[in-house]
Each structure stands twice: as structure tokens, then as C-alpha cells.
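Notes for the structure review
Listed here are the chains, written in short residue letters.
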Amino acid sequence: MTRNPRPPGAEELGEAELGVKPSFWKKPFALWVVFGALVYSALAFLALEATFGFFDPALTVFALIFLVSGILTLRGNRWAILAGTAVSILFIGSFAPILAGTFVNPANPAFWLAVSAIPAFGLVVVFGVLSLVHWKKGIERKPYLASPRSAGGLLTLAVVGFVIGGLVIGNFAAISINKLLLGGGAEADIQIVRDAALPGTAQPFSPATFTVRVGDSVTWFNADVMEHTVTSDAGTPVAFDSPLLNSGDTFSFTFTQAGTYAYHCAPHPTMTGTIIVNP
Ligand code: CO
């Protein structure tokens, strides 16, 4: 028993067998996975912008590319799969620090997005690359790309299960983290307050102005559910720059020179504060 050879010139997927155009729903499983993951990610990014009322040009462009390449993928366009896979890798690369900080903090309001979008991009890369590799011979001939009843289906199911489990556990973890943040940082000098990055927050760093003597150290505590930095403004003296501080993180700096030090948060320049160091 041998299969019918592909008729010459059958470029489109699914036309291999008997030259019959299959129904829309008979698309190879791999194309459904790439389509679903890309369209989900696109809609999730747009939903995030709508929920928090901000507009990020880069994020929006990525979302639109994901949306278009996802839809064209389901129509069997090889270039769309290539674009969707490449842009997914590019996105993970360029947003890695933000994604990583959000992924490890269930209290972050964008946790749901990080815990679902990162695995979704993983599926895009795996199924996208394998589809491109086997494209010439026909991906409908590889069971794990053609059908959900395969290793490919199991992998997808495992990833979806991971995401659902992550969301459920993350929800409980967020409750605990929020409780701890409320009572945390009592020994710190300056609190990065809840919702510090929101425009309505009068004192993102509290107190906004803090006075010490030369030789004293100052400690900041991040009581917010988002990541922030403590970064001295450009100019002299340029003194300190913390890494991204996640919820519950502290940062300390010892002042050895008198002066007035204005500082801000690197990702949120509207967050500002001042340290006065007296001799
Ligand atoms: Co900030």
C-alpha cells in the first residue's frame, strides 16, 4: 500500500491527496496551533493596552503582525509562518527583561499575559520551525504536524495545562504576595508605593524628599506589584542606579558626598524623588 504521489504543482496544503481541496476545518493541526497562539497573543496585548489605558507603539505593531501572520498561517501561507515564528523570537528577545520580571511575580497585573504568552510563543516556534522544515514534503504527511492525535497534540495539551495551572496557582500566590507587601518594608527608609507608576499617585517614592548625612545609607522597598528602579538623574553627581526591583525587593545606597540627589524610575520617568545629603 503506497500513498498517492502529490500531483505536480500542488502548492497549497491539503491538496496533496487526490487533488481535492479539503474543507476549511481539515487544515493540518500545526497550522491551527500557530494560528491560535499568534491570534491569542495579539488579542492579549491589545486587551492589556485597553485595560490599562496606555498605547505602546512597539507592542501594537507586534500585535498587528501576530494577528495578520496568524490568519494567513491558517490559509496555508508559508511566509506567514516564517514571519510569525521570526517575530515571536524577536519579541521574546526584545521584551525578555519585562517578561521575566512579570513571569515570576503572580501579583503583577500583567502576570496572566506573561504566563500565557511565553508558552504560546514557544508553541509558535516549535510548530513553526517544524512546519517550515517539512513544508516541501508536505506537513500533512508528518503525524505530529497533521493531527492532534499525536505527540504534537500531547505537547499542545501539556502547554495549555501548564498555562491553566499557572493561572490558578498564580491567583492564590497573588493574594499572599499582596498581604506581605502591605506589611512589608517597615525597616526601609523610602517606600515605592502601590500603583507608583499611575499618574494619580502623588508620591511614587514615599517620602518624596529624604534627608541624611554623609556616610548614611538609604534603603528603598518596592511595595508595588510592578517592577521599578531607583536611578539618580543625569548630571553631577551621578550616584546610583538600581537593577529592576520586583515586588518586595530592596535597594540600598551609601552616600559619601554631600549634595542634592534627584532620582527617578527608569521605566517610569514620571516617578521622581529627592535625597538631600548634608555634610
Ligand atoms: Co517605575
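Right above here is the structure, for reference.
Counting from 1, residues in each chain are numbered in the order their sequence is written. Selection of residues for local features in this predicted model requires a pLDDT of at least 70, selection of side-chain atom pairs for listing and counting requires 80 or more, and totals for whole chains, interfaces and linings are taken over all residues. Hydrogens and water molecules were not included; the side-chain quantities draw on all heavy atoms of the structure.

A few points about the sheet that holds strand S2 (residues 205-206)
Our working definition: Any two strands with at least two DSSP bridges between them are considered paired. Helix numbers and strand numbers start at the N terminus; a helix is a DSSP run of H or I with at least 4 residues, a strand a run of E with at least 2.
Ordered by their spatial adjacency, 4 strands build an open sheet running S2-S1-S4-S6, and the pairing between neighbours is mixed. At either end of the open sheet lies a strand with only one pairing partner, and these are S2 and strand S6 (250-254). As defined by bridge partners, strand S4 (residues 217-222) adjoins S6 across 5 bridges and the pair is classed as antiparallel. Bridge pairing links Ser217 to Thr254 in S6.

Structural notes on unusual backbone geometry
Our working definition: Burial classes: relative accessible area under 20% of the type maximum marks a residue as buried, over 50% as exposed, and values in between as partly exposed (1.4 Å probe, protein chains only).
Residue Pro207 follows Ser206 across a cis peptide bond; omega there is 0 degrees. With respect to the element layout, Pro207 can be found in the loop between S2 and strand S3 (209-213). The residue Asp195 is not glycine, and still its phi comes out positive at about 60 degrees. Classification of Asp195 as partly exposed rests on a relative accessible area of 36%.

Describing the nonpolar core
Here is a general trend for soluble globular proteins: nonpolar side chains tend to be buried in one another's company. The test is simple: What we call a nonpolar core is a set of buried Ala, Val, Leu, Ile, Met, Phe, Trp, Tyr and Cys residues that are connected through their side-chain atoms within 4.5 Å. Whether two residues touch is decided by their heavy atoms; if any such pair falls within 4.5 Å, the residues are in contact.
Phe45, Phe66, Phe91 and Phe127 are the most contacted members of the largest nonpolar core, which totals 33 residues. The greatest single-element share of this core, amounting to 11 residues, is contributed by helix H1 (residues 29-52). Residues in contact with Phe91, not counting those within four places in the same chain, are Phe45, Leu59, Phe62, Phe66, Ala96, Leu99 and Phe121. Val193, Phe210, Trp220 and Val230 belong to the second-largest nonpolar core, a separate cluster that totals 20 residues.

Notes on the pairing of S3
What you see with S3 is a clean split: Phe210 and Val212 sit on the buried side and Thr209, Thr211 and Arg213 on the side with no burial. Pairing analysis gives 5 bridges linking S3 to strand S8 (residues 272-278), with the strands arranged parallel. Directly across from Val212, in S8, lies its bridge partner Val277.

Observations regarding a nonpolar patch on the surface
In plain terms, the rule: Surface patches are drawn from residues lacking salt bridges whose relative accessible area is over 30%; two like charges belong together within 9 Å, two nonpolar side chains (Val, Leu, Ile, Met, Phe, Trp, Tyr) within 5 Å. Computed with a 1.4 Å probe, the accessible areas rest on the Shrake-Rupley method; for each residue, only the protein chains presented here act as cover. A side-chain nitrogen of Lys or Arg and a carboxyl oxygen of Asp or Glu constitute a salt bridge if their distance falls within 4 Å.
A cluster of nonpolar side chains, Val160, Ile164, Val168, Ile169, Phe172 and Ile175, forms an exposed patch at the surface whose accessible area comes to about 570 Å². Checked against the element boundaries, Phe172 lands in helix H7 (residues 151-183). Given a relative accessible area of 53%, Phe172 falls into the exposed group.

What to know about the coordination of the cobalt ion
Tetrahedral coordination by four donors puts the ideal angle at the metal at 109.5 degrees, and octahedral coordination by six puts it at 90 or 180 degrees. Rules: Metal coordination here is assigned from N, O and S atoms located within 2.8 Å of the ion, or within 3.2 Å for Na, K and Ca; omission of water means that sites may look incomplete. In these descriptions, tetrahedral denotes four donors with every angle between 85 and 135 degrees, square planar four donors and octahedral six donors with opposite donors over 155 degrees apart and the rest between 65 and 115, and irregular any other case.
Within the protein, the cobalt ion binds to His228 (ND1), Cys265 (SG), His268 (ND1) and Met271 (SD); these donor distances fall in the range 1.9 to 2.6 Å. Taken together, the 4 donor atoms coordinating the cobalt ion span angles of 92 to 130 degrees at the metal, a pattern that classifies the geometry as tetrahedral. As a motif over one chain, the donors of the cobalt ion read H-x36-C-x2-H-x2-M. Placement of His228 in the loop between S4 and strand S5 (231-232) and of His268 in the loop between strand S7 (259-264) and S8 is noted, with a sequence separation of 40 residues between them.

Regarding the pairing of S7
Pairing geometry for S5 and S7, over 2 bridges, is antiparallel. Pairing of Ser232 across the sheet is with Tyr263, part of S7. Of the pairings in the sheet, the one linking S7 to S8 comprises 6 bridges and is antiparallel in character. For Gly259, the partnering residue across the bridge sits in S8 and is Val277.

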